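Observations on the model geometry
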Amino acid sequence: MGFWEKAGSFAKAAGKYALEEGKAAGDRMNTYKEEMPMKSDRELARIVIHERSSSPLKAGAAGQELKSRGYSTAQEIKALL
């Protein structure tokens, strides 16, 4: 197998992996979006503030839910704790 065949094979595998990871992330985000309406404002604020680096998809879903409830600034969200 020549260089370009190996490179093409690698690119194909990398693309397949990226597609699978993207789908998995989309599935997780949908799951989080379904869970967030059942949580209290305080629980959502805790997720936004404390889980932003460890679980950005979860924190994003919590932030979206808080915005839909009328909290529009970081100060309003921090005040919930």
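The structure presented is a predicted model; accordingly, all values stated were derived computationally and were not measured. Residue numbers here run from 1 along each chain, matching the order of that chain's written sequence. pLDDT decides what is reported in this predicted model: residues at 70 or higher carry local features, side-chain atom pairs at 80 or more are listed and counted, and totals for whole chains, interfaces and linings draw on all residues regardless. Side-chain figures throughout are based on the complete set of non-hydrogen atoms in the structure, without hydrogens or water.

**As for the overall build of the chain**
Of regular secondary structure, the chain possesses four helices and zero strands. Element order for the chain, N to C, with α for helix and β for strand: α-α-α-α. To get the radius of gyration, use the C-alpha atoms; to get the globule rule, take the number of residues to the power 0.38 and multiply by 2.2 Å. Here the chain has a C-alpha radius of gyration of 19 Å; the compact-globule value for 81 residues is 12 Å, and the former is much larger. Overall size of the chain, expressed as C-alpha extent along the three principal axes, is 60 × 20 × 15 Å. Every one of the 81 residues in the chain was classed for burial, and the buried ones make up 22%. In what follows, a contact means two residues having at least one pair of non-hydrogen atoms within 4.5 Å. Taking as baseline every contact in the chain between residues at least 6 positions apart, the subset at least 24 positions apart corresponds to 59%. If you sum the accessible surface of the chain, you get close to 5,900 Å²; carbon and sulfur atoms cover 57% of it. Across the chain, the 14 positively charged side chains and the 11 negatively charged ones have centroids separated by 3 Å. Strands here are runs of E lasting at least two residues and helices are runs of H or I lasting at least four, both read from the DSSP assignment and numbered beginning at the N terminus. Only protein chains enter the accessibility calculation, which uses a 1.4 Å probe. A residue is then buried if its area is under 20% of the maximum for its type, exposed if over 50%, and partly exposed in between. Per-residue and other accessible areas follow the Shrake-Rupley method at a 1.4 Å probe size, with only the shown protein chains counted as cover for residues. His is not counted, nor are the chain ends, whereas Lys and Arg count as positive and Asp and Glu as negative. Charge coordinates come from a single atom per side chain, which is NZ of Lys, CZ of Arg, CG of Asp or CD of Glu.

**Side note on the pattern of salt bridges**
Salt bridges are defined as contacts in which a side-chain nitrogen from Lys or Arg sits within 4 Å of a carboxyl oxygen from Asp or Glu. Evaluated as defined, the whole model comprises five salt bridges. Taking the shortest distance from any N to any O, the salt bridge between Arg69 and Glu65 comes out at 3.0 Å. By sharing partners, the salt bridges in this structure join Asp41, Glu65 and Arg69 into a single network.

**Here we look at the environment of Lys23**
Along the chain, the position of Lys23 falls in helix H1 (residues 3-35). Spatially, the C-alpha atoms of Lys23 and Leu57 are 13 Å apart, while their sequence positions differ by 34 residues.

**Points about the packing of helix H2 (residues 41-50) against helix H3 (residues 56-68)**
To obtain each axis, a line is fitted to C-alpha atoms, and for helices this fit is confined to the stretch in contact; angles are then taken between N-to-C directions over 0 to 180 degrees. Orientation of H2 relative to H3, taken along the N-to-C sense of each, is 140°, at an axis distance of 8 Å. It follows that H2 is oblique to H3 by the angle criterion. Crossing of H2 over H3 shows left-handed handedness. For the pair H2 and H3, the contacting residues are Asp41, Leu44, Ala45, Ile47 and Val48 in the first and Lys58, Ala59, Ala62, Gly63, Glu65 and Leu66 in the second. For this classification, under 35 degrees means roughly parallel, over 145 means roughly antiparallel, 65 to 115 means roughly perpendicular, and everything else is oblique. Each crossing is labelled by how the near helix is turned from the far one, with a counterclockwise turn of less than a right angle marking it left-handed and a clockwise turn marking it right-handed.

Worth remembering: the numbers are spatial, not functional.
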